[in-house]
Amino acid sequence: MSGLRVLGRAASINVRKVLWTGVELGLDLTREDVDVQADAFRALNPNAMMPVLIDDEGAGSAFSMWESNSICRYLARREGRIDLLPDEPRQRALVEMWMDWQGGELNNSWRYAFMATVRKSAQHQDATLIEASVANWNRHMTMLEDQLLRSDGPFVLGETFTLADVVLGLSAHRWRAAPIAHAALPAIDAWIHHLLERPGFATHGPAAGP
Ligand SMILES: N[C@@H](CCC(=O)N[C@@H](CS)C(=O)NCC(=O)O)C(=O)O
C-alpha cells in the first residue's frame, strides 16, 4: 500500500482535486472509500467530510489532515513544486486567493441549484431559491471568465498552471455539466478544453462525474 492515502468517495469533487493534484505531482495516492459518520473517520476529521489525507511516508509518526485545498497545498509543498504553489509571496497569495474564493464564495453560490438540478434533492425544490442560486452561480463564473480574459497566459494566473487551475477547473466543469441556463462564457470553455489535455483532469474531471 502507498504511504499516501486519500480517504473519500471517487465521485466527490473535493476528493478529485486531491487525486488530480497527485497526478500533477507524479505521486502514487491510494484512495479508500469511507463512512464519514464512523467514529474512526470522525477521529481523523471532526468535520466529518471527505477527503482526509494520511501520509505515513518517511520517518516519524503518520500525519493526517483534512480540507481539500489545504491538502493540495501540502502535497505541492511536500514535493517542492513552486510551479503549482509559488514561493514568491505575491504570486503565492494570488494562487491562494483564488483557491480560497473557490472553497468559500464560489461553492456557496451553487449549492442550492446543484442539489436541486443534479442531485434532485426533494429538500431543494423551491423555484425562487433555485433561480437565485443559478443567477449567483453564473455571476461567480463570470468573475472567473473575467480573470481568464485578464490573464496573460492560458491559465488562471498566467503562463503557469497552478493549484488554482486544479480547484477552479473542477468547479467550472461542474458548472458546465449542471442542467441550468448557463451564461455564455467562452474563455472558460477554451480553458476547460485546454485543461483536458492534462492526464489528471482527463481522469478526475468530466470522466469522473459532475
Ligand atoms: N471544505 C471541505 C468540504 C468537503 C466536502 O464537502 N465533502 C463532501 C463530499 S464532496 C462530503 O464529505 N460530504 C459528506 C458525504 O458525502 O457524506 C473540503 O474542501 O474538504
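Scoring rules and cut-offs
- Residues numbered from 1 in each chain as written.
- Predicted model: local features only at pLDDT ≥ 70, side-chain atom pairs only at ≥ 80, totals over all residues.
- Heavy atoms only, no water.
- Helix = DSSP H or I, 4+ residues; strand = E, 2+ residues; numbered from the N terminus.
- Rg over C-alpha atoms; globule rule 2.2 N^0.38 Å.
- Buried < 20%, exposed > 50% of the residue type's maximum accessible area, 1.4 Å probe, protein only.
- Contact = heavy atoms within 4.5 Å.
- Areas by Shrake-Rupley, 256 points an atom, 1.4 Å probe, with all protein chains shown as cover.
- Lys, Arg positive; Asp, Glu negative; His and termini not counted.
- Charge placed at Lys NZ, Arg CZ, Asp CG, Glu CD.
- Core = buried A, V, L, I, M, F, W, Y, C linked by side-chain atoms within 4.5 Å.
- Arc of directions from axis to C-beta.
- Axes fitted to C-alpha atoms, helices over the stretch in contact; angles between N-to-C directions.
- Parallel < 35°, antiparallel > 145°, perpendicular 65-115°, else oblique.
- Left-handed = near helix turned anticlockwise from the far one by under 90°.
- Nonpolar A, V, L, I, M, F, W, Y, C, P; charged D, E, K, R; others polar.
- Pairing = 2+ DSSP bridges.
- Near = heavy atom within 4 Å.
- Polar contact = N/O pair within 3.5 Å; in protein donor to acceptor, adjacent residues only side chain to side chain.
- Salt bridge = Lys/Arg side-chain N within 4 Å of Asp/Glu carboxyl O.

S.K.: Any chance you could explain the overall build of the protein here in plain terms?
M.R.: Counting its secondary structure elements, the protein contains eight helices and four strands. Listing the helices and strands of the protein from first to last along the sequence gives β-α-β-α-β-β-α-α-α-α-α-α. Rg of the C-alpha trace for the protein: 17 Å, near the compact-globule value of 17 Å for 210 residues, within the 12% margin. With the C-alpha coordinates of the protein rotated into their principal frame, the extents come out at 50 × 45 × 30 Å. When each of the 210 residues of the protein is scored for burial, the buried share is 49%. Contacts spanning at least 24 positions in sequence make up 62% of the contacts within the protein whose residues lie at least 6 apart. Counting only carbon and sulfur atoms, one obtains 53% of the accessible surface of the protein, whose full area is about 10100 Å². The centroid of the 20 positive side-chain charges in the protein is displaced by 4 Å from the centroid of its 26 negative side-chain charges.

S.K.: For this particular structure, what's the right way to read the nonpolar core?
M.R.: It is characteristic of soluble globular proteins that their nonpolar side chains tend to be buried jointly. In this structure, Trp 137, Met 141, Leu 144, Leu 163, Leu 168, Ile 188 and Trp 191 are the most contacted members of the largest nonpolar core, which totals 60 residues. At the level of secondary structure, the elements contributing two or more residues to this core comprise strand S1 (4–7), helix H1 (13–25), strand S3 (52–55), helix H3 (68–78), helix H4 (89–117), helix H5 (127–150), helix H6 (163–177) and helix H7 (186–195). Discounting chain neighbours no more than four positions away, the residues touching Leu 163 are Thr 21, Cys 72, Arg 73, Ala 76, Leu 84, Leu 85, Val 95 and Met 99.

S.K.: Could you clarify how one ought to interpret H7 in this entry?
M.R.: Within an α-helix, residues lying three or four positions from one another point in the same direction, as the helix has 3.6 residues per turn. Here H7 has its buried residues at Ala 187, Ile 188, Trp 191, Ile 192 and Leu 195. The arc that holds every buried residue of H7, seen down its axis, measures 130 degrees, which confines them to one face. Facing away from the buried surface of H7 by more than 90 degrees, the exposed residues are Pro 186 and His 193. Packed against the buried residues of H7 are H1, H5, H6 and helix H8 (199–204).

S.K.: Just to check I follow, could you spell out the packing of H5 against H6 for this structure?
M.R.: Interaxial distance between H5 and H6 falls to 11 Å at its minimum, and their mutual angle equals 135 degrees. In this view, H5 runs oblique relative to H6, as classed from their interaxial angle. H6 is crossed by H5, and the crossing has left-handed handedness. Of the residues in H6, those in contact with Trp 137, Asn 138, Met 141 and Leu 144 of H5 are Leu 168, Ala 172, Arg 174 and Trp 175. Of the residues in the contact of H5 with H6, the class split is six nonpolar, one polar and one charged.

S.K.: Please explain the pairing of S3 as it appears in this structure.
M.R.: Here S3 shows a buried face lined by Val 52 and Ile 54 and a second buried face lined by Leu 53 and Asp 55. Of the pairings in the sheet, the one linking S1 to S3 comprises four bridges and is antiparallel in character. Opposite Leu 7, over in S3, you have Val 52 as the bridge partner. Here four bridges tie S3 to strand S4 (residues 63–66), and the two strands are oriented antiparallel to one another. Residue pairing in the sheet places Asp 55 in a bridge with Phe 63 of S4.

S.K.: Where do I start with the site of the ligand in this structure?
M.R.: As a matter of local geometry, the ligand sits amid Arg 9, Ser 12, Asn 14, Val 36, Met 49, Met 50, Pro 51, Glu 67 and Ser 68. The side chain of Arg 9 places a nitrogen or oxygen atom 3.1 Å from an oxygen atom of the ligand. Look at the ligand: alone it shows 510 Å² of surface, and the protein chains cover 70% of it. Classifying every residue of the shell around the ligand by side-chain character gives four nonpolar, three polar and two charged.

S.K.: What's the story with the pattern of salt bridges in this structure? I'm lost.
M.R.: If the charged atoms of two oppositely charged side chains come close together, the side chains can form a pair. Taken as a whole and assessed by the stated rule, the structure comprises twelve salt bridges. Between Asp 33 and Arg 31 there is a salt bridge, with the nearest N and O atoms lying 2.8 Å from each other. For Asp 87, the salt bridge goes to Arg 77, with nearest N and O atoms at 3.4 Å. With Asp 87 in the loop between H3 and H4 and Arg 77 in helix H3, this pair connects stretches of sequence that are ten residues apart. Residues joined by salt bridges that share partners form a network here, namely Asp 55, Glu 57, Arg 78 and Glu 79.

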